[in-house]
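Residues per chain, in single letters:
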Amino acid sequence: MSVLIIVGARPNFMKCAPVLEQMVIKKIDFKLVHTGQHYDKNMSDDILLDLGMPAPDFQMGIGSGSHAQQTASIMKDFEKICDKTKPKLVVVAGDVNSTLACALVASKKNIHIAHIESGLRSFDNSMPEEINRILVDRISNILFVTEKSGIVNLINEGQSMDKIHFVGNSMIDSLIKVSKKIKKNTILSSFSVEKKKYCLVTLHRPSNVDGEKNIKKVVNILNEISRKLPVLFPIHPRTKKQLSFYNMTLSKRVKICDALSYKIFVNVLANAKVVFTDSGGIQEETTFFNIPCITFRENTERPITVEIGTNFLAGTEENKILKIFNQIMDGNEKLGKIPPKWDGKSGMRIASIIDEYLKR
Ligand code: UD1
């Protein structure tokens, strides 16, 4: 056994699928491990299917819990998988709890670690993802970077250049592949929206949606936006629970649906006039599609999307967000460029480096 690749939560799938595909081509011996951090069909299996990923070799079925519970449960089970398979390398992606838990186990067992999407920093330690990123990078042996800020951050933290590989963004490989498969646009009418005439919204960060004050603010903003443009809002389970717990009412022009499978989501993303989000990955996907993105956060770990892409870092104040939205509606968009190496070949670069590493 050479390599264990870890997935667990929704964004991991898009980042790992292209690497997996290339590892098959290169005949690298690997097994796929799914922690089960995300488990609903539309948050996991449907996405694996859209990406053409194989069924995981190990399904841990961990599920939800507090950060400590979730991380600890994954660690206990993943240790057993490592003992059984004795991998030479563990590949983790992104910044979710599954990423940190498996990297920690590997590190304590002296198994080398490769981190996909290394070096991103929001410099906001109140975000659980920031803690996960810093710790995983600190103990990883191969650091795969998506944008130049990642190289600078890693060097500033004392990492040596020979561990850092600027490979581009493997999530964009998945985006390119899936968008090629989208042929007919029947999906928009099923949501009663028209091409370039709706605002797509995704919100799930605890700091934005948890608690009455936060969810009320979200509802106000969406209702205001919907006065000018219909809103399509696929709801993450966390946000759905908050809306229903506080009995919030959205305007009829805010069309809500459950979280979407990847192919459908990419379709509604590519056809949106503007996107309002607190996601990390969607800031990158909108930059790739050259669609204005209003990011409902005070900071971003993906500064390239603001510097050369279409992303507006709007903060969390209602007035400021609506001002930016109105600017975009008035035609004041950014002319975005696609960042270097977001070219659909990142999976290939990553797999080649892993292949070389295993031969050492
Ligand atoms: C996690 C990641 C976050 C990522 C997001 C993408 C961490 C710390 N957070 O946040 O970085 O941006 O995934 O979606 O790892 N739930 C379901 N069904 C599911 C999964 C979750 O109902 O399939 C509900 C549960 O009530 C759970 C809550 O959503 O408690 C949150 O899930 P969790 O995985 O803890 O965090 P996310 O908010 O999804």
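One can find the structure itself at the top, above this paragraph.
Procedures and definitions
Residues numbered from 1 in each chain as written. Predicted model: local features only at pLDDT ≥ 70, side-chain atom pairs only at ≥ 80, totals over all residues. Heavy atoms only, no water. Helix = DSSP H or I, 4+ residues; strand = E, 2+ residues; numbered from the N terminus. Buried < 20%, exposed > 50% of the residue type's maximum accessible area, 1.4 Å probe, protein only. Contact = heavy atoms within 4.5 Å. Areas by Shrake-Rupley, 256 points an atom, 1.4 Å probe, with all protein chains shown as cover. Disulfide = S-S within 2.5 Å. Salt bridge = Lys/Arg side-chain N within 4 Å of Asp/Glu carboxyl O. Pairing = 2+ DSSP bridges. Right-handed = clockwise from strand over helix to strand, strands pointing away. Phe/Tyr/Trp six-rings, centres within 6.5 Å; stacked < 30°, edge-to-face > 60°. Near = heavy atom within 4 Å. Polar contact = N/O pair within 3.5 Å; in protein donor to acceptor, adjacent residues only side chain to side chain. Axes fitted to C-alpha atoms, helices over the stretch in contact; angles between N-to-C directions.

Q: Help me get a handle on the overall build of the protein, residues and values and all.
A: When its secondary structure is counted, the protein shows 16 helices and 13 strands. Per-residue burial for the protein yields a buried fraction of 57% across its 360 residues. Long-range pairs, those at least 24 residues apart, make up 69% of the contacts in the protein with a sequence separation of at least 6. Carbon together with sulfur atoms contributes 53% to the accessible area of the protein, which is approximately 15,400 Å² in total.

Q: Lay out the state of the cysteines in plain terms, naming residues and giving numbers.
A: This model, assessed by the stated rule, comprises 0 disulfides. Unpaired in terms of disulfides, cysteine 102 finds its nearest cysteine sulfur in cysteine 82, a separation of 7.5 Å. Residue cysteine 102 is classed as buried on the basis of its relative accessible area, which comes to 0%. Residue cysteine 199 stays outside any disulfide, its sulfur separated by 9.6 Å from that of cysteine 293, the closest cysteine.

Q: Residue-level account of the pattern of salt bridges, with values.
A: Close approach of charged atoms lets side chains of opposite charge pair. A complete count under the given rule lists 23 salt bridges for this structure. Between aspartate 95 and arginine 133 there is a salt bridge, with its nearest N and O atoms 2.9 Å apart. Residue aspartate 95 is found in the loop between strand 4 (89-93) and helix 4 (97-108), and its partner arginine 133 is found in helix 5 (residues 128-139); the two are separated by 38 residues along the sequence. On the accessibility criterion, aspartate 95 (10% relative accessible area) is buried. The partner of glutamate 157 in a salt bridge is arginine 121, with the nearest N and O atoms 2.6 Å apart.

Q: Break down the pairing of strand 10 (residues 254-258) for me, with residues and values.
A: Relative to strand 10, strand 9 (residues 231-235) is paired through 5 bridges, and the arrangement is parallel. Among the inter-strand pairings, phenylalanine 233 is bridged to a residue of strand 10, identified as isoleucine 256. Crossover connection from strand 9 via helix 11 (residues 237-245) to parallel strand 10: handedness right-handed.

Q: Explain the packing of aromatic side chains to me, and be specific about the residues and the numbers.
A: Applying the stated criterion across every chain yields a total of 3 aromatic pairs. An angle of 90° between the planes, with centres 4.9 Å apart, marks the rings of phenylalanine 245 and tyrosine 246 as edge-to-face. Under the relative-accessibility criterion, phenylalanine 245 is labelled exposed at 63%. For tyrosine 246, a relative accessible area of 25% puts it in the partly exposed group.

Q: So what's going on with the site of the ligand? Residues and values would help.
A: The environment of the ligand is made up of 18 residues, and the closest members are Gln37, His38, Asn97, Glu129 and Lys241. Glutamate 129 places a polar side-chain atom, nitrogen or oxygen, 2.5 Å from an oxygen atom of the ligand. Contact distances for the ligand include 2.3 Å between an oxygen atom and a side-chain N or O atom of lysine 241. Protein contacts shield 88% of the accessible area of the ligand, which totals 750 Å² for the unbound molecule. Where the shell around the ligand is concerned, the elements lending two or more residues are helix 1 (10-25) and helix 11.

Q: Can you break down the environment of lysine 337 residue by residue, with the values?
A: Tracing the sequence through the fold places lysine 337 in the loop between helix 15 (318-329) and helix 16 (346-359). By relative accessible area, lysine 337 is classed as exposed at 56%. Separated by 29 residues in the primary sequence, lysine 337 and isoleucine 308 have C-alpha atoms spaced 5.6 Å apart. Setting aside residues up to four positions removed in sequence, lysine 337 forms contacts with Thr287, Ile308 and Gly309.

Q: Please provide a residue-by-residue account of the sheet that holds strand 1 (residues 3-7), values included.
A: The strand order across the open sheet built from 7 strands is 3-2-1-4-5-6-7, with neighbouring strands paired in parallel fashion. For this open sheet the edge positions go to strand 3 (58-59) and strand 7 (164-166), each flanked by a neighbour on one side alone. Where strand 1 lies against strand 4, 3 bridges are found, and the strand directions are parallel. Counterpart to isoleucine 5 in the pairing with strand 4 is valine 91. Where helix 3 (residues 67-85) meets the sheet, it contacts strand 1, strand 2 (30-34), strand 3 and strand 4, and its direction lies at approximately 160° from that of strand 1.

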